[in-house]
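Notes for the structure review
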Amino acid sequence: ELKVEQNPLFLSMQEGKNYTIYCNYSTTSDRLYWYRQDPGKSLESLFVLLSNGAVKQEGRLMASLDTKARLSTLHITAAVHDLSATYFCALVFGDDKIIFGKGTRLHILP
Amino acid sequence: KAGVTQTPRYLIKTRGQQVTLSCSPISGHRSVSWYQQTPGQGLQFLFEYFSETQRNKGNFPGRFSGRQFSNSRSEMNVSTLELGDSALYLCASSLDVIRRRNSPLHFGNGTRLTVT
C-alpha cells in the first residue's frame, strides 16, 4: 500500500527556534515535492527533490531527501511568524499517482 | 503570465444535484489534474488529463468525472452529490504529464463546494 506519512501533524513553536518536519513514504519514488498552503489559499510549490541526497534551500527553509531511508525532511531555521502555514509533502509513484501527506500545520508564536 | 484559474470560487448545492467545476490552465500547459481536499482525508488525487485524454484516475466513484478540451481547459463533474462531497476542489496544471520529472504542478485557488 502506498503511504506518505508526515509528522508532526501540528506544530506550535516560538519565533527564532529551529524545527524539522518529517515525511516518510512506503515505496520507491523518484520525486518528492514540498508545498505550502496558507489558510483559504492554494498550494504553493516550495521544493522538488529528484535524487538521493538532494538538498534545496530557500530562505529559512531547507529540504532534503534520503531515498534509501524513504525519508524527506523540511527544516525551519530561526522561524518567523510569516512561515505559519500548512506544509505538505507529496510523492509521485510508478503508476503516475501523486499522493500527499496529511500536512503539518505550523503555528509560529511571536 | 496568468496562473491557473478555477471557477466558480464557491458553490452551494443540495444532495442529489450535480455540479460542474472549471479549470483554465497556465497558457502552454497541457496537463490538468484535479484534487479533493477535506479536513478528514486531506488532499487526494482525482484524475489527470493530457491532450484531452484521461491518463490516470484516483480511487473515487464513477460519480466523479472530467474532461479536457482542445485548448487544455478542463471541467470536472460530480453527479448525485452527497454530503461527503463537500470539499475544496483544486486543479493543477503542468507542461507535461505528472510522470515527467521536470513537470512541477501549479495549483489554482480552488472551488469550495458545500453540499447541504
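This text follows the structure it describes.
Procedures and definitions
- Residues numbered from 1 in each chain as written.
- Chains lettered and ligands numbered in written order.
- Predicted model: local features only at pLDDT ≥ 70, side-chain atom pairs only at ≥ 80, totals over all residues.
- Heavy atoms only, no water.
- Pairing = 2+ DSSP bridges.
- Helix = DSSP H or I, 4+ residues; strand = E, 2+ residues; numbered from the N terminus.
- Disulfide = S-S within 2.5 Å.
- Buried < 20%, exposed > 50% of the residue type's maximum accessible area, 1.4 Å probe, protein only.
- Axes fitted to C-alpha atoms, helices over the stretch in contact; angles between N-to-C directions.

With that settled, consider the pairing of strand E8 (residues 71-76) of chain A. All names here are of chain A. Here six bridges tie strand E3 (residues 19-25) to E8, and the two strands are oriented antiparallel to one another. Within the sheet, the bridge partner assigned to threonine 20 lies in E8 and is histidine 75. Bridge count between strand E7 (residues 61-66) and E8: six bridges; the pairing is antiparallel. Of the residues in E8, the one forming a bridge with methionine 62 is histidine 75.

Right, let's get into the state of the cysteines. All names here are of chain B. Going through the model one piece at a time under the given rule, you end up with two disulfides over all chains. Note that cysteine 23 is cross-linked by a disulfide to cysteine 91, the S-S spacing being 1.8 Å. For the disulfide bridge between cysteine 23 and cysteine 91, the dihedral angle about the S-S bond is near 65°, and by the sign convention the bridge is right-handed. Of this pair, cysteine 23 sits in strand E3 (residues 19-24) while cysteine 91 sits in strand E9 (residues 87-94), and the two are 68 residues apart along the sequence. Judged by relative accessible area, cysteine 23 falls into the buried class, the value being 0%.

Turning our attention to the sheet that holds strand E7 (residues 64-68) of chain B. All names here are of chain B. One open sheet holds the four strands; their spatial order is E1-E3-E8-E7, and the pairing between them is antiparallel. In this open sheet, the two edge strands, each paired with only one partner strand, are strand E1 (5-7) and E7. Neighbour-to-neighbour, the strand axes of this sheet turn through a mean angle of 20°, independent of strand direction.

Shape is all these values report; function is a separate question.
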